[in-house]
Amino acid sequence: FRISTFSPKLVDGLTIDEFLPGPSKLGAKFEPMRAQPYEPISIRLVPVEIYIGQRVSMDFSNFDYTAKKLWMFQDVVYSMEFIKALPVFHLLDDCSKRVLLASALACSNFTNAFFSYCNHSDRTYYPDGGTMSWNNEIQEQSPDSTRFHTSIIAAIREAQLDKREYTLLKIIVVCNPMLDGLSPSDVTLLQAEKERYTKTLISYVLARRGVKEGPPIFAKLMSIIEIVTRLTSWQKSKHILILAMGLYKYKIPFAETIFHSQ
């Protein structure tokens, strides 16, 4: 997905409901966005503190989707497609499906952090080679954004997460029975699914790490979910403020739904 031509656009009036119908696109075949591998480059990423402090407008109307990706938006859509591929998703009622898709930001942040870790980066690193970078002055003005772009990666590195542990943790992140708006029966479904994958993770960790090292490592892995949840909540709170300040040039219900979700 992330290196493919599948590149949905963040347009005026876009809603989350446009991504609800149909099966997951994970089964579809998309061409690569470019033939040659991307090279690492520094990108100019404006921290949210700067947007808020200097009242910088967010205007994506002229974004060239044929040449690059609008990662914060498109990664959320890719995470939605991941969620739609899970068997439990199809057992939920329509209202609960919408709630679950609206929570995709946490899944997106975890995906991004693991990709960065796999590419030996200590900060956010994107598949097009872009690496979060700003000078010391900007970093001093944006300590929370710096933590957001480094802390999950650091926790993953400390735990030496492998792909199976990552996949199981990501499903546990998604199957959150505490989300507001779920029907009572769907809360039960997601709780059971979360417990099932948690037990699978425990078994795998014990097999991989050993009976002695396994339990503390498992606790460390579960703490990564807490870090992802906390930083995603911080991210949402900042973008809710940006929305309230009218810094988005256009009204985009999709973004409002994602940032106002639990």
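All of these numbers come straight from a predicted model, not from anything done at the bench.

1. Structural notes on the overall build of the protein
Stage number 1. Helix and strand counts for the protein stand at ten helices and two strands.
Stage number 2. Starting at the N terminus and walking to the C terminus, you meet the elements of the protein as β-α-α-α-α-β-α-α-α-α-α-α.
Stage number 3. Taken against the 2.2 N^0.38 rule, which gives 18 Å for 262 residues, the C-alpha radius of gyration of the protein at 19 Å falls within 12% of a compact globule.
Stage number 4. Seen through its C-alpha atoms, the protein measures out along the principal axes to roughly 50 × 40 × 40 Å.
Stage number 5. Buried residues in the protein amount to 50% of all 262 residues.
Stage number 6. In the protein, once contacts between residues fewer than 6 apart in sequence are set aside, the share between residues at least 24 apart is 79%.
Stage number 7. When the accessible surface of the protein is totalled, it reaches about 13,300 Å², and 55% of it is carbon and sulfur.
Stage number 8. The averaged location of the 27 negative side-chain charges in the protein is 3 Å from the averaged location of its 30 positive side-chain charges.

2. With respect to helix α2 (residues 71–84)
Stage number 1. Taking 1.5 Å per residue as the helical rise, α2 with its 14 residues ought to reach 20 Å, and the 19 Å between its terminal C-alpha atoms agrees with that figure.
Stage number 2. Of all 14 residues making up α2, 13 are buried, and the element is well covered by its neighbours.

3. What to know about the UniProt feature "domain: NR LBD" (unreviewed entry) in the protein
Stage number 1. UniProt records the feature "domain: NR LBD" (unreviewed entry) at residues 37–261, using the numbering of this structure.
Stage number 2. When the span residues 37–261 is considered, its composition is 65% helix and 4% strand, and the gap between its end C-alpha atoms is 36 Å.

4. What about the side chain of K69?
Stage number 1. On the secondary structure map, K69 appears in the loop between α1 (48–53) and α2.
Stage number 2. Buried charge without a partner: K69 forms no salt bridge, and the closest opposite charge is D75, 7.7 Å away.
Stage number 3. Polar contacts involving the side chain of K69 include one to the main-chain carbonyl oxygen of F6, which spans 3.0 Å.
Stage number 4. Residue contacts for K69: discarding those within four places in its chain leaves F1, R2, S4, F6, S7, M33, F63, Q74, Y78 and D128.

5. Considering helix α3 (residues 94–102)
Stage number 1. Regarding α3, the residues found buried are S96, K97, V99, L100, L101 and A102.
Stage number 2. On its buried side, α3 packs onto α2, α4 (104–118), α8 (163–174), α9 (184–244) and α10 (253–260).
Stage number 3. Sitting at the head of α3, D93 places a side-chain oxygen 3.2 Å from the backbone nitrogen of C95.

6. Topic: the packing of α4 against helix α7 (residues 151–159)
Stage number 1. Where α4 contacts α7, the two axes come as close as 9 Å, and the packing angle between them is 60°. It follows from the interaxial angle that α4 and α7 lie oblique. For the pair α4 and α7, the sense of crossing is right-handed. Facing α4, whose interface residues are N109, F110, A113, F114, S116 and Y117, α7 presents I152, I153, I156 and R157.
Stage number 2. Of the residues belonging to the contact of α4 with α7, the class tally is seven nonpolar, two polar and one charged.

Criteria and thresholds
Residues numbered from 1 in each chain as written. Predicted model: local features only at pLDDT ≥ 70, side-chain atom pairs only at ≥ 80, totals over all residues. Heavy atoms only, no water. Helix = DSSP H or I, 4+ residues; strand = E, 2+ residues; numbered from the N terminus. Rg over C-alpha atoms; globule rule 2.2 N^0.38 Å. Buried < 20%, exposed > 50% of the residue type's maximum accessible area, 1.4 Å probe, protein only. Contact = heavy atoms within 4.5 Å. Areas by Shrake-Rupley, 256 points an atom, 1.4 Å probe, with all protein chains shown as cover. Lys, Arg positive; Asp, Glu negative; His and termini not counted. Charge placed at Lys NZ, Arg CZ, Asp CG, Glu CD. Expected span 1.5 Å × (residues − 1). UniProt positions renumbered as here; feature names shortened; annotations may be inferred. Salt bridge = Lys/Arg side-chain N within 4 Å of Asp/Glu carboxyl O. Polar contact = N/O pair within 3.5 Å; in protein donor to acceptor, adjacent residues only side chain to side chain. Axes fitted to C-alpha atoms, helices over the stretch in contact; angles between N-to-C directions. Parallel < 35°, antiparallel > 145°, perpendicular 65-115°, else oblique. Left-handed = near helix turned anticlockwise from the far one by under 90°. Nonpolar A, V, L, I, M, F, W, Y, C, P; charged D, E, K, R; others polar.

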